[in-house]
Amino acid sequence: AQSVTQLGSHVSVSEGALVLLRCNYSSSVPPYLFWYVQYPNQGLQLLLKYTTGATLVKGINGFEAEFKKSETSFHLTKPSAHMSDAAEYFCAVSFTGTASKLTFGTGTRLQVTL
Amino acid sequence: GAVVSQHPSWVICKSGTSVKIECRSLDFQATTMFWYRQFPKQSLMLMATSNEGSKATYEQGVEKDKFLINHASLTLSTLTVTSAHPEDSSFYICSARPGQGGSPLHFGNGTRLTVT
């Protein structure tokens, strides 16, 4: 069975500091991996995705993530945090198939301080 | 592109009444849509997979008679919470994808349901 683990339910960084949100997955087949961001009382917005090909994926708002098969990880990073990055971030995994389900991690709340 | 519209964004209803939530894919056709439920400060839990022209597939523990799903067209799925109770109060989010498993899900903005 597939699963996603996000280490750290809360992460706090200073504005301008590096953002690192951790995500590890468990899968018996090659996964598709996603990072979503959720602002209060809103749906989820896709930040980036990994399906095949280049393991370093660049997304919107300056975020990127690297798929490391050997570590079963897909950590999200951003070189310099901005106040507007404060939100809930979800890592998710799915597999091939027209109706494949998306399994979410428990989420990490990012706080950005001055 | 790939916009998913959800309506209403919030609703307050009395205990015992029913509430219908609509989910529309505005610029693509979706044979499959997904309904999620999110409790405060928690992750999204998949409730059911809505299939156009056929019955929805419910996740274990989700009451299909309470959460009625209808997917009558390629662009519209509805979730009806029947005989709502306060414990049904939650944030409900629908999603759909324009392609197959590798394409990302696009989410509606969610519906905040409060049952009094």
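As a reminder, the structure under discussion sits directly above these lines.
Thresholds applied
- Residues numbered from 1 in each chain as written.
- Chains lettered and ligands numbered in written order.
- Predicted model: local features only at pLDDT ≥ 70, side-chain atom pairs only at ≥ 80, totals over all residues.
- Heavy atoms only, no water.
- Contact = heavy atoms within 4.5 Å.
- Buried area = accessible area lost by both parts, 1.4 Å probe.
- Salt bridge = Lys/Arg side-chain N within 4 Å of Asp/Glu carboxyl O.
- Polar contact = N/O pair within 3.5 Å; in protein donor to acceptor, adjacent residues only side chain to side chain.
- Helix = DSSP H or I, 4+ residues; strand = E, 2+ residues; numbered from the N terminus.
- Phe/Tyr/Trp six-rings, centres within 6.5 Å; stacked < 30°, edge-to-face > 60°.
- Buried < 20%, exposed > 50% of the residue type's maximum accessible area, 1.4 Å probe, protein only.

Draft legend 1. Expanded view of the interface of chain B and chain A. Between chain B and chain A, the contact holds 23 residues from the first and 24 residues from the second. Summing the contributions of chain B and of chain A, the shared interface buries around 1800 Å²; its carbon and sulfur component is 55%. At the boundary of chain B with chain A, the tally comes to zero salt bridges. Counting every contact that joins chain B to chain A gives six residue pairs in polar contact (both at pLDDT 80 or more). For the side of chain B that touches chain A, the secondary structure elements donating two or more residues are strand S4 (32-38), strand S5 (44-51) and strand S9 (90-96) of chain B.

Draft legend 2. View of the packing of aromatic side chains. Here the structure, examined in full by the defined rule, presents 12 aromatic pairs over all chains. Residues A:Phe90 and A:Phe104 carry aromatic rings whose centres are separated by 6.2 Å and whose planes lie at 90 degrees to one another, so their mutual orientation is edge-to-face. With A:Phe90 in strand S10 (residues 87-94) and A:Phe104 in strand S11 (residues 103-104), this residue pair connects regions lying 14 residues apart in the sequence. By relative accessible area, A:Phe90 is classed as buried at 0%. The interplanar angle of 50 degrees and the centroid separation of 5.9 Å between the aromatic rings of B:Tyr36 and B:Phe107 together place this pair among those described as tilted.

Interpretation note: all reported values are geometric properties and have no functional meaning in isolation.
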